[in-house]
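Understanding the architecture of this molecule
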Amino acid sequence: LVNARNLKIPLTIILFSIKNFKRYYTLYGRMEARKIIDALETIIRTRLSDTDFSVRFDRNKVLIVLPGKNKKYAVPLANTVRNEIIQYFKQKEVQLLVTFLSSEFPEDGDDLYTLLDIID
């Protein structure tokens, strides 16, 4: 965020959340639930450029940080990732509910707490 501010470039963050993760965990167990997170991380990693990165934010959430990119770039990327993870697990009895929210510096806020409040 400091670099984005100094360089006067946008920085977009996207928070992916698997809404029915707990139900999936209860039905299929820890190992199958872990496969969801692993697949999400793999799909995200293949879509990111060298300057982008992602981190696991909570047990069922992954945060993506896109320095130098605005929402016009981030939203189509997020839709693609969401669709890929849903397709990957489409054969299961429980359909995954994957959502995402995004916020952009400086448009939506000028500090990390404001940006995170918007997406969480």
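Data block above holds the structure.
Note that the coordinates shown come from a computational prediction; the quantities given were computed from them, not determined experimentally. Every chain is numbered on its own, with residues counted from 1 as its sequence reads. Only residues with pLDDT of at least 70 are given local features in this predicted model, and only at 80 or more are side-chain atom pairs given and counted; all residues enter the totals for whole chains, interfaces and linings. Side-chain calculation: all heavy atoms of the structure are included, whereas hydrogens and water are not.

Turning our eyes to something else, we now look at the pairing of strand S2 (residues 53–58). Sheet topology note: the S2/strand S3 (residues 61–67) ladder contains five bridges and is antiparallel. Looking across to S3, one finds that Arg56 is bridged to Val62. Hairpin geometry of S2 and S3 is characterised by an intervening segment of two residues between the two adjacent antiparallel strands. The rule for pairing is simple: two strands pair if DSSP sees at least two bridges between them. By the criteria applied, helices consist of DSSP H or I runs no shorter than four residues and strands consist of E runs no shorter than two, each listed in order from the N terminus.

Side chains of a nonpolar character, in soluble globular proteins, are inclined to be buried together. The set of buried Ala, Val, Leu, Ile, Met, Phe, Trp, Tyr and Cys residues whose side-chain atoms join them within 4.5 Å is what this entry labels a nonpolar core. Each residue is placed in one exposure class: buried if its accessible area under a 1.4 Å probe, protein chains only, is under 20% of its type's maximum, exposed if it is over 50%, and partly exposed if it falls in between. Among the nonpolar cores identified, the biggest contains 27 residues, and Ile14, Phe16, Ile18, Leu40, Ile44, Ile85 and Leu96 are the most heavily contacted of them. Among the elements of the structure, strand S1 (11–18), helix H2 (21–28), helix H3 (30–47), S3, helix H4 (71–88) and strand S4 (98–105) are those that each provide at least two residues to this core. The biggest single contributor to this core is H3, with seven residues. A contact between two residues is defined here by any heavy atoms of the two lying within 4.5 Å. Aside from chain neighbours lying at most four places away, what touches Ile18 is Ile36, Ile37, Leu40, Asn60, Leu96, Leu97 and Val98. Counting ten residues, the second largest nonpolar core, distinct from the first, contains Leu15, Val65, Leu115 and Ile119.

Our next topic: the environment of Leu7. With respect to the secondary-structure elements, Leu7 resides in helix H1 (residues 2–7). Note on Leu7: relative accessible area 59%, which makes it exposed. In sequence terms Leu7 and Gly68 are 61 residues apart; their C-alpha atoms lie 9.1 Å from each other.

Further remarks concern the pattern of salt bridges. Side chains carrying opposite charge are able to pair once their charged atoms draw close together. We define a salt bridge as a side-chain nitrogen of Lys or Arg found within 4 Å of a carboxyl oxygen belonging to Asp or Glu. Enumeration according to the criterion identifies six salt bridges in this entry. A salt bridge links Arg34 to Asp38; the shortest N-O distance between them is 3.0 Å. Of this pair, Arg34 and Asp38 both sit in helix H3, separated by four residues, roughly a single helical turn. By relative accessible area, Asp38 is classed as partly exposed at 32%.

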